Amino acid sequence: MAAPPDMEPPAALSLELLPTDPLLLILSFLDYRDLVSCCYLNRRLNQLSSHDPLWKRHCKKYWLISEEEKSRRNESWKSIFISTYSDLGRYIRYYATLKKAWDDLVKYLGQWCPRMIGSLKESVREEDLDAVEAQIRCKLPDDYRCSFRIHNGQKLVVPGLMGSMALSNHYRSEDLLDIDTAAGGFQQRLGLKQCLPLTFCIHTGLSQYMALEKVEGRNKYEIFYQCPDQMARNPSAIVMFITGTSYLEWFTSYVNKVVTGGYPIIRDQIFRYVHDKECVATTEDITVSVSTSFLPELSSVHPPHYFFTYRIRIEMSKDALPEKTCQLDSRYWRITNAKGDVDEVQGPGVVGEFPIISPGRVYEYTSCTTFSTTSGYMEGYYTFHCLYYKDRFFNVTIPRFHMVCPTFKVSTA
């Protein structure tokens, strides 16, 4: 139906006529890119997009800026976002994740491994990273660069930030290399072509490497331990034990394991033992739990020799009666590899000791085993005798625990 001739058409809707609060609410849902774009549409949106509270969310989301830091800097949220973006904008995809990982790690170290705090190095400048790229003639991934804008790795000291491992005659502690030391170890030799070391152990010479290019069968930015192929005629034949698919995944997964208590702290060091929460067995008042670790520096793919260490914790309940105090006499192991081959081992004590277990007491020890297959498991029992009733002997179950070699790639050489 046509409008009556005397009725005026409705006025065109204009941004100038819309109330401010609904518009600010709409703008609060925009990402920082869209918020910037709104600044260029018209004068009204330019004014609204500069409303400082709109930038608070972006400062906290992308740069983890706290209220305290804002007060200290005495700047608006928008100016803080813009100045930070001008410095770290290329890392906006990674910065918050890596900054939180570093902050969590530093807080945890301050509580459990305080002497490590002093070994952390301050951040590097953007031009320092550019200089390293020019030196090695290879691009560094942005997540790696971003991490070093927060902390420039660690001094070459012990203990290492990236975890330790100790056996009776073997010790390894890996430092997270600073950018200059890493660049000095950049590899161009066959077998490790265009690989950058991320970690280093001053005792064993062991490093974890990151491949900066897709060469010699490696994926770009893959992280690995090298393993010489001892059966190849070509000395450049290197097998990889893969530890990460990117720097971001490698570093943040390690930090998460540390700060959630996934790795034990032993004598002010992080030990890379992995504990399966299902791997616990209780016999009467005694609980046995096991954690394990793979040692790449003592393993090889050709010939097949996979070396594992395990740490066993034996604990008597603190509520047990004093007369339950007992002493470990012997151990029995049933060891099964991936092919189903079984070895049985029986002997006195554990690692040459005969520990006494009393209410509330914990005894821990470390041992090792090897497999000719990439996985296997162990189980068994300890035989104890009571100290109050010397003629009473009993067995304590050791839960079955599995050991699995990490993914590896065979050399293409």
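Since the structure is predicted, the reported quantities are computational estimates derived from the model, not experimental observations. (Residues numbered from 1 in each chain as written. Predicted model: local features only at pLDDT ≥ 70, side-chain atom pairs only at ≥ 80, totals over all residues. Heavy atoms only, no water.)

**Some thoughts on the overall build of the chain**
Here comes step 1: When helices and strands are tallied, the chain shows 12 helices and 20 strands.
Here comes step 2: The C-alpha radius of gyration of the chain comes to 29 Å, more than 25% above the 22 Å expected for a compact globule of 413 residues.
Here comes step 3: Within the span of the chain, comprising 413 residues, buried residues form 46% of the whole.
Here comes step 4: Across the chain, contacts joining residues at least 24 apart in sequence account for 61% of those joining residues at least 6 apart. (Helix = DSSP H or I, 4+ residues; strand = E, 2+ residues; numbered from the N terminus. Rg over C-alpha atoms; globule rule 2.2 N^0.38 Å. Buried < 20%, exposed > 50% of the residue type's maximum accessible area, 1.4 Å probe, protein only. Contact = heavy atoms within 4.5 Å.)

**Digging into empty space enclosed by the protein**
Here comes step 1: Throughout the structure, instances matching the rule amount to one cavity of 30 Å³ or more.
Here comes step 2: Roughly 50 Å³ of volume is contained in the largest cavity.
Here comes step 3: Glu 284, Asp 285, Ile 286, Met 316, Lys 324, Cys 326, Arg 392 and Phe 394 together form the lining of the largest cavity.
Here comes step 4: Partitioning the lining of the largest cavity into residue classes produces four nonpolar, no polar and four charged. (1 Å grid on protein atoms, 1.4 Å probe; cavity = no way out; pocket = protein on both sides within 12 Å on 5 of 7 lines; lining within 4 Å. Points joined across faces, edges and corners; volume = space filled by probe spheres on them. Nonpolar A, V, L, I, M, F, W, Y, C, P; charged D, E, K, R; others polar.)

**With respect to the pairing of strand β2 (residues 170–173)**
Here comes step 1: One ladder, built from four bridges, connects strand β1 (residues 164–167) with β2; its direction is antiparallel. Within β2, the residue paired with Ala 166 across the bridge is Tyr 171.
Here comes step 2: Counting the residues in the hairpin turn of β1 and β2 gives two residues. (Pairing = 2+ DSSP bridges.)

**Focus on the domain arrangement of the chain**
Here comes step 1: Domain annotation for the chain reports domain 1 (18–89), domain 2 (94–255) and domain 3 (273–404).
Here comes step 2: Each of domain 1 and domain 3 has a C-alpha centre, and these two points are 58 Å apart. (Domains from an automatic or database assignment.)

**A word on unusual backbone geometry**
Here comes step 1: A cis amide bond links Val 158 with the next residue in sequence, Pro 159, at an omega value of 10 degrees.
Here comes step 2: One can find Pro 159 in the loop between α10 (142–150) and β1.
Here comes step 3: Positioned with a positive phi, Tyr 221 is a non-glycine residue whose angle comes to about 75 degrees.
Here comes step 4: With respect to the element layout, Tyr 221 can be found in the loop between β6 (208–211) and β7 (223–228).

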